Amino acid sequence: MNARNYTTNDQGLLNNFAIEPKMYVDASVSTGFTEYAEKMNGRFAMIGFVSLLATEVLSGHSLIAFLKDFLG
């Protein structure tokens, strides 16, 4: 049998349950105003602003007028 698909306990009995990965603790803080989060927020803001400008150029109307025509 393939040893990676099963384990045995200290008495030699077969254990068919999944082998759990080793646990580790990540001591670094990754919430709040991190450099990565600020970069992503800035990039999404730039994409939104360019999309707004492209919508205005392609439709010939401002965003409010475009939404008014589109929704009403």
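Residues numbered from 1 in each chain as written. Predicted model: local features only at pLDDT ≥ 70, side-chain atom pairs only at ≥ 80, totals over all residues. Heavy atoms only, no water.

Colleague: What is the right way to look at the overall build of the protein in this model?
Modeller: When helices and strands are counted, the protein shows two helices and two strands. If you list the helices and strands of the protein from N to C, you get β-β-α-α. Carbon and sulfur atoms make up 63% of the accessible area of the protein, which totals about 7,100 Å². (Helix = DSSP H or I, 4+ residues; strand = E, 2+ residues; numbered from the N terminus. Areas by Shrake-Rupley, 256 points an atom, 1.4 Å probe, with all protein chains shown as cover.)

Colleague: How should I be thinking about a nonpolar patch on the surface in this particular structure?
Modeller: Taken together, Leu63, Leu67, Phe70 and Leu71 make up a surface patch of nonpolar side chains, about 420 Å² in accessible area. Structurally, the position occupied by Leu63 is in helix H2 (residues 63-71). The class for Leu63 is partly exposed, based on a relative accessible area of 32%. (Patch = residues over 30% accessible without salt bridge, like charges linked within 9 Å, V, L, I, M, F, W, Y side chains within 5 Å. Salt bridge = Lys/Arg side-chain N within 4 Å of Asp/Glu carboxyl O. Buried < 20%, exposed > 50% of the residue type's maximum accessible area, 1.4 Å probe, protein only.)

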